[in-house]
Amino acid sequence: MATSTRQLVITLDTRVPLEAMILQRLYRLPQSRQSEWLRQLLLLGFRSECQAIRSEQTLPVRAMPMRQQSTSAVMHAGYHAGPIQPEPIKPEREPSPGSSGNAPSGELPMLATPSDTPKPFTHLRRVLGE
Amino acid sequence: MTELTDEKFSDDTKPPVANSSLAVGQVGLDDGYAYTKVALPDGRLLAVPSRARMGSAGVTWIRDEEQKIFEYETGGCVYSVGAVDGEPTQFDEYPGSALNRVIVQHALQQAGMSGRSVHVVTGLPVSAFYRDDGQQRRQAIQAKRNGLQVSVEPVVPRKTAHKATQRGSQKVSIAFHEVIPEALAAWYDHVIVMTDDGVTLDADRVSAPIAIVDIGGRTTDYVVVQDQGVVHSSSGSLNRGMLNIKIRVANRIQEHFDISELGEQSISRAVETHQLRLHGKDHDVSALVAEAKSELVERLYTETRRKLGRGAELDRVLFVGGGSADLASDIADWFPNQTIADHAAFANARGMLKYLQFVCDSPANEG
């Protein structure tokens, strides 16, 4: 029977720190929200992949070191640079009580960004429009 | 009333950071018409009245710590900032003006950034940022950027110059400046959430249609965000804000007490305390303040309904800006799905800081 949704099965390896973190984060969520969280994670990753590819096509060469790398570039670098050590992005200090409103209701995990990597939510710039 | 108070607000009791580092600072800077609000990465929030006038203060301070008026020079003119009867800020060119520049410099000095180089994100009212068709007003945005690039020097008497350097009265330089719409800054504050582990993007908040109502000093801004885009037909600015209460009360005081002139600081005090001191006697002006407030609330209600209808298709209506806190009881039942942001006066400044730290295309993060 034809259907508009497709189910994917993926295997994550807990020996890989990044993949272990994803699983750990996933299991902290209520079961009812787990698959939606994974779907959002996949979409976010793909969006970032698209942005990276687009920036590779449009940025001048001198800007390249600052750009967000596409997944394929990260994977390629991984062969030489060893495993990625994920850490959450740390603010300088926990902000004041009024700084973030209520507790988040649907968080997406963010991975480590060394100081010379792009900012994590650059895709939100498009909300401003042209 | 938060928006009109003279008190400097800080969310903790820590003194400003001393000029101990040459690292570039990051600042969310909501340079409003009534108050200039500052958000810093260490969580401190600070507001100074947007109050300055051209010319020297003409006051010699016997004790440095008692100093309430500060002088700054820009474009060959000296301005006094602080406890002065300020010039009106309610004019369209204010965001790019020298008046704005010296007030911003003063706010950065008060935030302990003396002698440092900083990256800032500031804002413009929605209607000053976008044209009616939703396109950005690039000229106005650039004018705002250029405005803060002009140098502003703290004026220090020669005999105390050495002491002043030690206690921190050196120029703050703005090395990077980005401008975003004011109410939209509060959306960034809403969706980017700081946690114990770091920072996350709240996916539910990002995907939900929301209206932000930002009741400020000169303007009230409306922004509707849906599917990560601004809905321009429901967004814009109304040229009414908390300063209208002050103007209205000033007029009524002149009429009622038959006086021709009253200082701006006296009017602010009267609005805040509901008492006016004339010829050594206190007069109750609470009726005048209540009347002015009710007039403003009525106008805001009409415009809010015009922009947002009953808000049935919105997940949430989020009120921000100093006016939202001051008028909390008056706006309490406008929408069933409404919320007033925590420390509402600082929602834009916090969002500007988060935009700088996690979104915008600025040089790499630094202290």
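For clarity, every value in this text was computed on a predicted model and none was experimentally measured.

Some remarks on the overall build of chain B
In terms of helices and strands, chain B carries 11 helices and 20 strands. Residues classed as buried in chain B amount to 57% of the 367 residues present. Counted over contacts in chain B with a minimum sequence separation of 6, partners at least 24 positions apart contribute 68%. Total accessible area on chain B stands at roughly 15,400 Å², and carbon and sulfur atoms take up 47% of it.

Observations regarding the overall build of chain A
Scanning chain A for helices and strands turns up 3 helices and 1 strand. Counting helices and strands in the order they occur from the N terminus, chain A gives α-α-α-β. Taken over 130 residues, chain A has a buried fraction of 27%. A separation threshold of at least 6 residues defines the contact pool for chain A, and within that pool the share at least 24 residues apart is 49%.

Focus: the sheet that holds strand β7 (residues 77-82) of chain B
Residues and elements named next belong to chain B. Taken together, 4 strands build an open sheet; the order of strands is β5-β7-β6-β9 and the sheet is antiparallel. Looking at strand neighbours, the two that pair on one side only are β5 (52-54) and β9 (153-154), the edges of this open sheet. Each of β5, β6 (69-74), β7 and β9 touches helix α1 (residues 98-110); the most contacted strand, β6, lies at about 125° to it.

Quick word on α1(B)
Residues and elements named next belong to chain B. Taking 1.5 Å of rise per residue, the 13 residues of α1 would be expected to cover 18 Å, and the 18 Å separating its terminal C-alpha atoms lies within 8% of that figure. Among the 13 residues that make up α1, 13 are buried, leaving the element largely enclosed by the rest of the structure. Gly 112 sits one or two residues past α1 and shows a positive phi near 85°.

Looking at the packing of helix α5 (residues 182-191) of chain B against helix α11 (residues 347-359) of chain B
Pairs of packed helices are described in terms of their axes, by the angle between the two and the distance that separates them. Residues and elements named next belong to chain B. At their nearest, the axes of α5 and α11 sit 7 Å apart, and the two run at 65° to each other. In terms of their interaxial angle, α5 and α11 are classed as roughly perpendicular. Like other packed secondary-structure pairs, α5 and α11 cross with a definite hand, here left-handed. Contact with α5, carried on its side by Glu 182, Ala 183, Ala 185, Ala 186, Tyr 188 and Asp 189, involves Ala 347, Asn 348, Arg 350, Gly 351, Met 352, Lys 354, Tyr 355 and Val 359 of α11 and no other residues of that element. Considering only residue class, the contact of α5 with α11 consists of 8 nonpolar, 2 polar and 4 charged.

Quick look at the environment of Phe176(B)
Residues and elements named next belong to chain B. Counting through the fold element by element, Phe 176 comes out in strand β10 (residues 173-181). Residue Phe 176 is classed as buried on the basis of its relative accessible area, which comes to 17%. When the C-alpha positions of Phe 176 and Ser 117 are compared, they lie 9.0 Å apart, and in sequence the two are 59 residues distant.

Examining the pairing of β6(B)
Residue and element names in this part refer to chain B. The sheet contact formed by β6 and β7 spans 6 bridges and is antiparallel. Pairing of Ile 69 across the sheet is with Gly 82, part of β7. The turn joining β6 and β7, which pair antiparallel and follow one another in sequence, is formed by 2 residues; a positive phi near 55° is taken by Gly 75. As judged from the 2 bridges shared by β6 and β9, these two strands associate in the antiparallel manner. Bridging from a neighbouring strand, Tyr 72 pairs with Pro 154 of β9.

Regarding the confidence of the model for chain A
Residue and element names in this part refer to chain A. Per-residue pLDDT for chain A averages 59, and the proportion of residues at 70 or more is 43%. Averaged pLDDT values for the elements of chain A fall to 33 in helix α3 (residues 71-81) and rise to 80 in helix α1 (residues 17-28). This stretch, residues 56-116, has a pLDDT under 50; its non-local contacts, to residues over four places away or in other chains, come to 120 contacts.

Looking at the confidence of the model for chain B
On average, residues of chain B score 87 in pLDDT, and 87% of them reach the 70 mark or higher. Predicted as a complex, the structure gets a pTM of 0.71 and an ipTM equal to 0.82.

Here we look at the packing of aromatic side chains
All names here are of chain B. If you walk through the whole model with that rule in mind, you get 8 aromatic pairs over all chains. Centroid distance Phe 129 to Tyr 130: 4.9 Å. Interplanar angle 75°. Geometry classified as edge-to-face. Across the pair, exposure class does not vary: Phe 129 and Tyr 130 are buried alike. An aromatic cluster is built from Tyr 33, Phe 91 and Tyr 94, whose rings are joined through pairwise contacts.

Here we look at the side chain of Ser97(B)
Residue and element names in this part refer to chain B. Tracing the backbone through its elements, the reader meets Ser 97 in the loop between β7 and α1. A relative accessible area of 13% places Ser 97 in the buried class. Side-chain polar atoms of Ser 97 contact the backbone nitrogen of Asn 100, separated by 3.2 Å.

Analysis parameters
Residues numbered from 1 in each chain as written. Chains lettered and ligands numbered in written order. Predicted model: local features only at pLDDT ≥ 70, side-chain atom pairs only at ≥ 80, totals over all residues. Heavy atoms only, no water. Helix = DSSP H or I, 4+ residues; strand = E, 2+ residues; numbered from the N terminus. Buried < 20%, exposed > 50% of the residue type's maximum accessible area, 1.4 Å probe, protein only. Contact = heavy atoms within 4.5 Å. Areas by Shrake-Rupley, 256 points an atom, 1.4 Å probe, with all protein chains shown as cover. Pairing = 2+ DSSP bridges. Axes fitted to C-alpha atoms, helices over the stretch in contact; angles between N-to-C directions. Expected span 1.5 Å × (residues − 1). Parallel < 35°, antiparallel > 145°, perpendicular 65-115°, else oblique. Left-handed = near helix turned anticlockwise from the far one by under 90°. Nonpolar A, V, L, I, M, F, W, Y, C, P; charged D, E, K, R; others polar. pLDDT = per-residue confidence, 0-100. Phe/Tyr/Trp six-rings, centres within 6.5 Å; stacked < 30°, edge-to-face > 60°. Polar contact = N/O pair within 3.5 Å; in protein donor to acceptor, adjacent residues only side chain to side chain.

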